[in-house]
Amino acid sequence: MLDRPLLRFVLLIACAAAFVWLTALSMPDVVGSHFGASGTANGFMPRGTYIRFMLAVVVGLPALLVAVSHVAMGSRTRINLPNRDYWLAPERRAETVSYLRAHMVRFSVVLVVFLCYVHWLVVRANRVQPPHLSNPAMISGLVVLVLYALVWTRVLVRHFSNRPLGRSG
């Protein structure tokens, strides 16, 4: 049985796949799929190939992150954490692993949203001829993703940096 964050993630992946599929159908037969620094398309591919590629990226990459983290943390592999002896003590290991898995799911959700956003920018770019990607929109999306990744990392490190007061381990 899937836990709640994982179930929501699977539903998000399904919605993201539907979003990519349905929005890509309105694109031209040959899609501008790579864009230079000026935003002008400098790489093209057939729409069907683009759809398969985007589905693989939007669904596959975040799903791979979640799957690998869930499998890796489910085994007795070593997990490198601050205060690891405390957080991975037998009485806390299950809760720690659960937190790490949920934290990876949260990052993967944001990654799915970002990749769908990039896809939407490509769809919009292909509405004009020649295709032209909005650089301010792309840079804004990247900035938001990087800021989120920094906050996500800080939250993770802070969570495990200090042991709760009054507990020994």
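Residues numbered from 1 in each chain as written. Predicted model: local features only at pLDDT ≥ 70, side-chain atom pairs only at ≥ 80, totals over all residues. Heavy atoms only, no water.

So, the overall build of the protein chain
Formally: Under the DSSP-based scheme used, a helix requires at least four consecutive residues in state H or I and a strand at least two consecutive residues in state E, with every element numbered from the N terminus. The quantity called the radius of gyration is restricted to C-alpha atoms. Its globule counterpart is 2.2 Å times the number of residues to the power 0.38.
A count of helices and strands for the protein chain gives five helices and two strands. Taken from N to C terminus, the helices and strands of the protein chain fall in the order α-β-β-α-α-α-α. Here the C-alpha radius of gyration of the protein chain, 20 Å, is well above what a compact globule of 169 residues would show, namely 15 Å. Along the first, second and third principal axes, the C-alpha set of the protein chain runs to 65 × 35 × 20 Å.

Overview of the layout of surface pockets
Test applied: Points on a 1 Å grid, built from protein atoms alone, make a cavity when a 1.4 Å probe fits but cannot get out and make a pocket when they are open with protein on both sides within 12 Å along at least 5 of 7 lines; residues with an atom within 4 Å of a point are the lining residues. Grid points are joined across faces, edges and corners, and a volume is the space filled by probe spheres set on the points. Throughout, the ten residues Ala, Val, Leu, Ile, Met, Phe, Trp, Tyr, Cys and Pro are labelled nonpolar, Asp, Glu, Lys and Arg are labelled charged, and all others, Gly among them, are labelled polar.
Roughly 250 Å³ of internal volume is contained in the largest pocket. In terms of lining, the largest pocket is formed by 13 residues, of which the most central are S33, F53, M54, V118 and V122. At the level of secondary structure, the elements contributing two or more residues to the lining of the largest pocket comprise β1 (30-35), α2 (47-74) and α4 (90-125). With four residues, the top contributor of residues to the lining of the largest pocket is α2. Residue composition of the lining of the largest pocket, by class: 11 nonpolar, two polar and no charged.

A closer look at the pairing of strand β2 (residues 41-46)
Let me state the cut-off plainly: Whether two strands pair comes down to DSSP finding at least two bridges between them.
Pairing geometry for β1 and β2, over five bridges, is antiparallel. Paired with V30 across the strands is P46, a residue of β2. Hairpin connection from β1 to β2: five residues lie between these consecutive antiparallel strands, with G39 at a positive phi of about 95°.

Let's talk about the nonpolar core
Stated formally: We define a nonpolar core as any set of buried Ala, Val, Leu, Ile, Met, Phe, Trp, Tyr and Cys residues linked to one another through side-chain atoms lying within 4.5 Å. Relative accessibility thresholds used throughout: buried, under 20% of the residue-type maximum; exposed, over 50%; partly exposed, between the two (1.4 Å probe, protein chains only). Contacts are assigned to residue pairs with any non-hydrogen atoms lying within 4.5 Å of each other.
With 30 residues, the main nonpolar core has F9, M27, Y50 and V58 as its most contacted residues. Looking at this core, the elements with two or more residues in it are α1 (4-24), β1, α2, α4 and α5 (135-161). Ranked by the residues each element gives to this core, the list is headed by α4, at 11 residues. Sequence-distant contacts of V58, defined by excluding residues within four places in its chain, comprise I13, A16, V20, V112, L115 and C116. Membership of the second largest hydrophobic core comes to 13 residues, among which are L88, V97, F107 and F160.

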